[in-house]
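So the chains spell out like this:
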Amino acid sequence: MNEERWLLPAGIEEVLPPQARIMESLRRELLDLYASWGYELVIPPFIDYLESLLTGTGQDLDLQTFKLTDQLTGRLLGVRADMTPQVARMDAHHLRRDAPTRLCYLGTVLHTRADGFGGTRSPLQIGAEIYGHAGIESDTEILRLILLTLRAAGIAESYLDLGHVGIFRGLARQAGLDAIQEHALFEALQRKAVPEIESLIGDFGVTGAPARMLIALAELNGSDALTRADTLLSDADRPVREAVDYLRRLADELNRWHPEVSVHYDLAELRGYHYKTGAVFAAFVPGWGLEVARGGRYDDIGRVFGRARPAVGFSTDLKSLLQHGQGLEQRYRATDPVYAPWSADPALRETVERLRASGERVINALPGLPQDPRQLGCQRMLAQRDGRWELQTLGKVDSPSFDNQ
């Protein structure tokens, strides 16, 4: 048993140097990026009352949330699986602003099962959200931030998938499906299981144009999906056609800012169906089947906290970004540390403080242990010459002694 104590639970990772340094550098850069756009940092609690985490649109997170009993109150607690419900509470209950509010966050979340972010159960979630505005402009701003986030992480090639939950929701209503039937069809659509979709629609007694359009929905994906939707969904009720038109206008607006970005569509993409209320989107990198960022509109999320406001946002996993980013090691490369003898000499202390203030890393020797500075990654050391402490490369130091006195 003792031999297995170094093992970690499945989907739980530890981050070692130098990856931890690179991750922290990227974290700072991204939060500075969001701040430059006017996003204010918030820090939600890691653990919360379960009803706060799972109320309203947060109910989609039930199966992903670790639950435990509070020994002080006997109430159920949950370890956050997503920070959006908590941030929505901050906007609705604490901040209560009338003007649009931009908030960003970063922290570990915990999932009972691995999700789309690289198979991890402990994503280091970072994201940004806008509260108080409904429309193309705020959706576009969030999409632009996704692209800037990926580029900051060294992901040069990416594409966006756009969808809209109003399309399926409107078609289900037009077909007269009840909640149980709608859920069953929703599950089949996520698997793109066309034979199962056809069988379910037949069992539900749906015929004519509603049946044809629901079956066609599974195939409406790709860069030309909206063009084909004009024909295949021509008999849809007005809410469905408005949702398709909204996606077209959203893509056009994004193209004004980022004409180089490839945009795909998946009208059957319903991730967070009970959580989202409008456009949904995800970012992908070529050759990787899982999304690297996701987001969408969730206008009702603040209702359970007493104030429903329009809301849109995105999140990603910092660890997943590092997995796909290029050139981060060079960009965030740390300078080689400087080795300094252990000494109370005021001149040495002043020199070390000056070097550290200028951004250098200085490692003090520890008395009583023979040390080779090279084992600590040092290629330079402070050596005394003519009463002064100078930086010298180890190869130029005359007969250095690495035994600490």
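In this report, the structure presented in the accompanying data block is examined. Worth saying up front: this structure is predicted, and the values here are computed from it rather than measured.

Comments concerning helix α13 (residues 346-357)
Right, so step 1: Relative to the 16 Å expected for 12 residues at 1.5 Å per residue, α13 spans 16 Å between its end C-alpha atoms, a close match to the ideal helical length.
Right, so step 2: Within α13, burial applies to Leu 348, Thr 351, Val 352 and Leu 355. Seen end-on, α13 carries its buried residues on one side only, within an arc spanning 100°. Along α13, the residues that are exposed and aim more than 90 degrees away from the buried face are Pro 346, Glu 350 and Ala 357.
Right, so step 3: The N-cap of α13, judged by a side-chain oxygen 3.0 Å from the amide nitrogen of Ala 347 a few residues on, is Asp 345.

Things to note about the sheet that holds strand β12 (residues 311-317)
Right, so step 1: Pairing within the open sheet is mixed, and its 9 strands lie in the order β1-β5-β6-β12-β11-β10-β7-β9-β8. In this open sheet, the two strands that pair with only one neighbour each are β1 (40-41) and β8 (221-222).
Right, so step 2: Packing of helix α1 (residues 19-36) onto the sheet brings it into contact with β1, β5 (101-108), β6 (124-131) and β12, and relative to β6 it is tilted by some 5°.
Right, so step 3: Its contacts with the sheet put helix α4 (residues 136-152) on β5, β6, β7 (159-164), β10 (279-284), β11 (293-297) and β12, and the angle it makes with β12 is roughly 15°.

Notes on the pairing of strand β3 (residues 66-69)
Right, so step 1: Looking at chain direction, β3 and strand β4 (residues 76-79) are connected through 4 bridges and run antiparallel. Within β4, the residue paired with Leu 68 across the bridge is Leu 77.

Considerations on the sheet that holds strand β2 (residues 47-49)
Right, so step 1: If you trace the 3 strands from one edge of the open sheet to the other, you get β2-β4-β3, paired in antiparallel fashion. The sheet is open, and its two edges are formed by β2 and β3, each paired on a single side. Taking the axes of each pair of neighbouring strands and ignoring which way they run, one obtains an average angle of 35° across the sheet.
Right, so step 2: Strand direction decides the pairing type here: β2 and β4, joined by 3 bridges, are antiparallel. Across the sheet, Ile 47 pairs through a bridge with Val 79, a residue of β4.

Some words on helix α9 (residues 225-232)
Because an α-helix packs 3.6 residues into every turn, residues spaced three or four apart end up facing the same way.
Right, so step 1: Buried residues of α9: Ala 225, Leu 226 and Ala 229, and no others. Looking down the long axis of α9, one finds its buried residues gathered within 90° of arc, a one-sided arrangement. Structural note: α9 exposes Thr 227 and Thr 231 on the side pointing more than 90 degrees away from its buried face.
Right, so step 2: Considering only its buried residues, α9 is in contact with β8, α10 (238-257) and β9 (262-266).

Considering the side chain of Lys 276
Right, so step 1: Relative to the elements of secondary structure, Lys 276 occurs in the loop between β9 and β10.
Right, so step 2: Despite its burial, Lys 276 pairs with no opposite charge; the closest candidate is Asp 82, at 7.4 Å N-O.
Right, so step 3: Each residue touching Lys 276, except ones within four places of it in the same chain, is listed here: Val 165, Arg 169, Arg 271, Gly 295, Gly 296, Arg 297 and Tyr 298.

Looking at the pattern of salt bridges
Right, so step 1: One pass over the structure, following the stated rule, counts 27 salt bridges.
Right, so step 2: Linking Asp 336 and Arg 333 is a salt bridge whose minimum nitrogen-to-oxygen distance equals 4.0 Å.
Right, so step 3: A salt bridge links Glu 360 to Arg 380; the nearest nitrogen and oxygen atoms lie 2.8 Å apart. Taken together, the residues Glu 360 in the loop between α13 and β14 (362-364) and Arg 380 in strand β15 (residues 380-385) connect sequence positions 20 residues apart.
Right, so step 4: Each of Glu 24, Arg 27 and Arg 28 takes part in a single network of salt bridges with overlapping partners.

Description of the pairing of β5
Right, so step 1: Where burial is concerned, most of β5 is hidden: 6 out of the 8 residues are buried.
Right, so step 2: Sheet topology note: the β1/β5 ladder contains 2 bridges and is parallel. What sits directly across from Glu 40, in β5, is Leu 103.
Right, so step 3: Strand direction decides the pairing type here: β5 and β6, joined by 8 bridges, are antiparallel. Paired with Gly 107 across the strands is Gln 125, a residue of β6.

Here is what the cut-offs are and how they apply
Residues numbered from 1 in each chain as written. Predicted model: local features only at pLDDT ≥ 70, side-chain atom pairs only at ≥ 80, totals over all residues. Heavy atoms only, no water. Helix = DSSP H or I, 4+ residues; strand = E, 2+ residues; numbered from the N terminus. Expected span 1.5 Å × (residues − 1). Buried < 20%, exposed > 50% of the residue type's maximum accessible area, 1.4 Å probe, protein only. Arc of directions from axis to C-beta. Polar contact = N/O pair within 3.5 Å; in protein donor to acceptor, adjacent residues only side chain to side chain. Pairing = 2+ DSSP bridges. Contact = heavy atoms within 4.5 Å. Axes fitted to C-alpha atoms, helices over the stretch in contact; angles between N-to-C directions. Lys, Arg positive; Asp, Glu negative; His and termini not counted. Salt bridge = Lys/Arg side-chain N within 4 Å of Asp/Glu carboxyl O.

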